[in-house]
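As a plain string of letters, each chain reads:
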Amino acid sequence: MSDEFLFADEEPTVDAAVAAPEPEPVEPWVILIVDDDPAIHATTKMVLRGFTFEGRPAQFLSAGTAAEARAVLRDNPAIAVVLLDVVMESDDAGLRLVRHIRSELNNRRVRIILRTGQPGQAPERDVILSYDINDYKSKTELTAQKLFTSVVAALRGYQDISAIEDHREGLERILEASSSLLDKRTMAAFVDDAVAQLVDVCPLGDGVALVSGCAGQTGNPRFLGGAGQYATAVGRPLATVLPETAVSLLRDALADGRNRYERAHSVLVFRSGSLGHKTAFYLNHRRALSADERRLMEVFCSKVAVGFDNVQLYEELTELNRSLEQQVEDRTRDLVAATDAAETARAEAEAANQAKSLFLATMSHEIRTPMNGVQGMLELLEHTSLTTDQRELVDVVRDSAGALLTIINDILDFSKIEAGRLDLERVPVSLAAVVEGVADTLAPGARDKGLSLKTFVDPDLPPLVLGDPVRIRQVLFNITGNAVKFTPSGSVTVKAELARFDGDRVGIRVAVTDTGIGIAPEDQARLFHPFTQAEASTTRRFGGTGLGLSICRRLAELMGGEIGVSSAPGAGSTFWFTVSAALPAEETVVEVEPPLAGVSVLLLIPDDAERGFLARYLNSDGALVVDAPDAATALNILLPNAACDVVVMDAGVDTRPLNGDPRGRVRGRVVLCGPGDVAPADSAGINRPVRRSHLVRAVLAAAGRVAPVEAPDSSAIPAALPSIRPPTVEEARAHGRLILVAEDHPTNRLVIQRQLAMLGHAMEMAEDGAEALAMWRNGRYGLLLTDCQMPVMDGFELTRAIRAEEARAGDGRRIPIAAVTANALEDELQKCLAVGMDDSLSKPVDLTQLRRVLDRFLPPVAGVDSAPAADPQPVAPVPAPVDLPPLDIDALAGLFEGDLEFVHQLLGEFITSNEASHRWLGEALAARNWGDVRQAAHKLAGSSRTVGARDLAAAADAVELAAVDRRLDGMDGMVARVGRELARVVAWIRASSPAP
């Protein structure tokens, strides 16, 4: 059967050029025939008898089964082509052998020609798609010519793949060899390694010599190193190592710089820039190098040339380094005395800096301690029955005490800035809330002077930016307060506008313009320097240290901005500052309809600037606005049949022209009131400065959309507290509400005693920490209030001692401890929390803050009977304190203009994020990874401050500070406190969230 299909019609005509034998013996092409029919083996060899391809003959191997073929393939890795039958010992024996070759032997080079006498058993389409074969032939169609063509094509493929693989392996050997050369530091070691690596790159050679021809010299080249038969020739003359023909060949190659390739040896020349002459490799090899092998050798020689330069440079640098080291040693001896002097100066500077910090803390404590007595007693006096004259006198004294505290705070801020110890927060800030909050604070003073205080927050500003709200407010409060202070009449206008937008950052410009006394040009340059005011009489007329604007300048610079002023005497002033802030991470924003959509507003404001501000507000919130300075002008603008829903007008606008005109019939009116203005009974009144949210609510109410929101009466005078009989010490102890106070200053003891009694609490007093510790051991107290700075034992030592004894007792009892400190330095609260305290009150202590701490930590007691007081009138019972919420959701809602839905969404994200941060904190603590502990605590503190969870933020701050300072004693307790505070916040949020 084989003769019929192998010699179907023709014999292959072999090209004479192809079949011509090479004069030298060469490696044959190995072809494996796998077939269970012996006739196929015989006829295949007969057809391909005398076959040569590119001067190499064919060598045939035979296998009758797939199993036999596996052994042949394992023993002969150089097989180029496999002529494979499909059906042998099994129907798919040939196909299984294909997978064995490709997968198990990982042989991708060999070309596989599948030959089958039963095409239906192995359909061509399925085989080609499923098996990695190179050709598919049916035995019934395979003529001698087609077999010859298939084998030639397969050998070409094998040759190309082999060349690519050999080239890749050669490049890998070069890269490996080059990397080995990089760590050589001497020329001798480099030469030895270069020769050894060349042997690995070109394994055909049996001898390698590296020789060098010096520039500008004649004669024999110099022998540098060798391998193989030349390994022992180092130091010998080149003529005694190589044949004369080889020496002559080397000399010629070094002279013209050209490589020589011959059958038995080659010369490769390269030039070393550092050595200044050419160098060559002389190689003996068993056969002529192929073109690819030559290219690989040339690449390797280029790497060697670079290596020569590197080693030479290294040797030069080493010598230079020795010289420099000697010079340094000589210079060092000369600098020792100067270094000692500098070290002494540094130690003195550090001591001075520590003394300065200690002085600041001491000054803060010593000044705030008597101020606590002054303001505490004034607050107590304010809540008693006073005549009008007495109340005015108390107000004057309290204002003076507040001014003194402002001066103290300015001095402390300035000192911290000068020492580089003022750090800025980076939390989401609502600029609208900051601007409007400052204006609301200063509004009573402006009204008292008859000033019109106006605000404008550009609607184009982002609702939130990342910054320090306290410091932004401090700068704005200072320059706005100055404007109110130095403006005898007229107006003060605060504008916050978008200066620039750059990707994820924004530039914000805040300007405060007044109609005050103005500043001469020669004085403006000095305003922002410390202890400087526009003129000497300013301090006498208005007070102040001259530090405020200097602090503002430094704060603006810390926030990436600047501050400036434009003014003229008698023409008012404009103080401005800029801030560069990043934007928070983008969140999905739900598009909502503007609140004033569909509402038409007639805006009658005489002042052009204010009218423009309000028109921007109303337009941004969806209203259709027609604005005019007065009613007559408005009638000229309005069409004859036009009508508006609401009129928003200044209290001084004459509306009589509108009264007799149909266009003046509106649903409601909103009147903007200044100092001394009263809104008519049929109108909604808004006091200046105007909050955007208040304006929207008033317009909606006037249009009949929502009910008006009554503004709180800010002029209310503190009422006298009802007389409350404090419980006896025994009664308070029985209910777990007895308070232990540790305070060394007599005045402060009297103040806290009177304050606690006024709030209806019993207390026992200790004059230092040691006495307080003894009293704590012998009695049951519900709360400890302790000063931080006391003789014998201070508040920090007292807290550590109590917490240590509680831990040793192991009964789970833990007394809440709150610091009452006069130290205003910014890390005081963190220090208190780090030693185990639970809260901190800053002197002077006011009743509101004191009540907050008492209500938070003392257990509630219901149904406490009241006892008659000295006054025969009936008195109110002792109120059962209510645990204050861990965050103020109303204040948080105010930041987002009353959008409670957004607030609850924000709090939900707060829970998810902070529970993950708390898990991270716990894992970091268990692993004692203090870096992660600090980062997790910092993340918790930042997000907690954002939503106003003050106690949780303080607890996390304490952990972060302790981790930074490596104060690790008590860290477990501080992290546990973070968990308790987080659980309290989460429980409160979930309880206050609306039902789904």
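Residues numbered from 1 in each chain as written. Predicted model: local features only at pLDDT ≥ 70, side-chain atom pairs only at ≥ 80, totals over all residues. Heavy atoms only, no water.

Novice: Explain the environment of Ala443 here, please?
Specialist: Relative to the helices and strands, Ala443 resides in helix α12 (residues 431-448). Relative accessible area serves as the criterion here: at 5%, Ala443 is assigned to the buried category. Sequence separation between Ala443 and Leu453 is ten residues; the distance between their C-alpha atoms is 6.7 Å. With residues near it in sequence (within four places) discarded, Ala443 still touches Leu453 and Pro689. (Helix = DSSP H or I, 4+ residues; strand = E, 2+ residues; numbered from the N terminus. Buried < 20%, exposed > 50% of the residue type's maximum accessible area, 1.4 Å probe, protein only. Contact = heavy atoms within 4.5 Å.)

Novice: Can you help me understand the nonpolar core in this one?
Specialist: General note: in soluble globular proteins, nonpolar side chains tend to be found buried as a group. Ranked by internal contacts, the top residues of the largest apolar core, which has 67 residues, are Leu476, Val648, Val670, Leu695 and Val699. No other element matches α12, which puts eight residues into this core. For this core, the two domains that each supply at least three residues are domain 3 (423-582) and domain 4 (600-703). With near-sequence residues (within four places) excluded, Val699 lies in contact with Leu596, Val599, Val601, Leu618, Val646, Val648 and Val670. With 33 residues, the next largest nonpolar core counts Ala937, Leu952, Met971 and Val986 among its residues. (Core = buried A, V, L, I, M, F, W, Y, C linked by side-chain atoms within 4.5 Å. Domains from an automatic or database assignment.)

Novice: Honestly, the side chain of Ser573 in this entry has me stumped. Any pointers?
Specialist: By the element assignment, Ser573 lies in strand β18 (residues 573-582). Side-chain polar atoms of Ser573 contact the side chain of Ser567, separated by 2.7 Å. Apart from the residues within four sequence positions on either side, Ser573 is in contact with Val512, Thr513, Asp514, Gly518, Ile519, Ser566 and Ser567. (Polar contact = N/O pair within 3.5 Å; in protein donor to acceptor, adjacent residues only side chain to side chain.)

Novice: Help me out: how do you make sense of the sheet that holds strand β28 (residues 839-842) in this one?
Specialist: By definition, the strands of a sheet pair up through backbone hydrogen bonds, in either a parallel or an antiparallel sense. Ordered by their spatial adjacency, five strands build an open sheet running β25-β24-β26-β27-β28, and the pairing between neighbours is parallel. Pairing within the sheet leaves two strands with one partner each, and these edge strands are β25 (763-766) and β28. This sheet shows a mean twist of 20° between the axes of neighbouring strands, independent of strand direction. The sheet contact formed by strand β27 (residues 817-821) and β28 spans four bridges and is parallel. In the strand pairing of β28, Val820 is matched with Leu841. Packing against the sheet, helix α24 (residues 795-809) makes contact with β24 (739-742), β26 (783-787) and β27, and its axis sits at approximately 150° to β26. (Pairing = 2+ DSSP bridges. Axes fitted to C-alpha atoms, helices over the stretch in contact; angles between N-to-C directions.)

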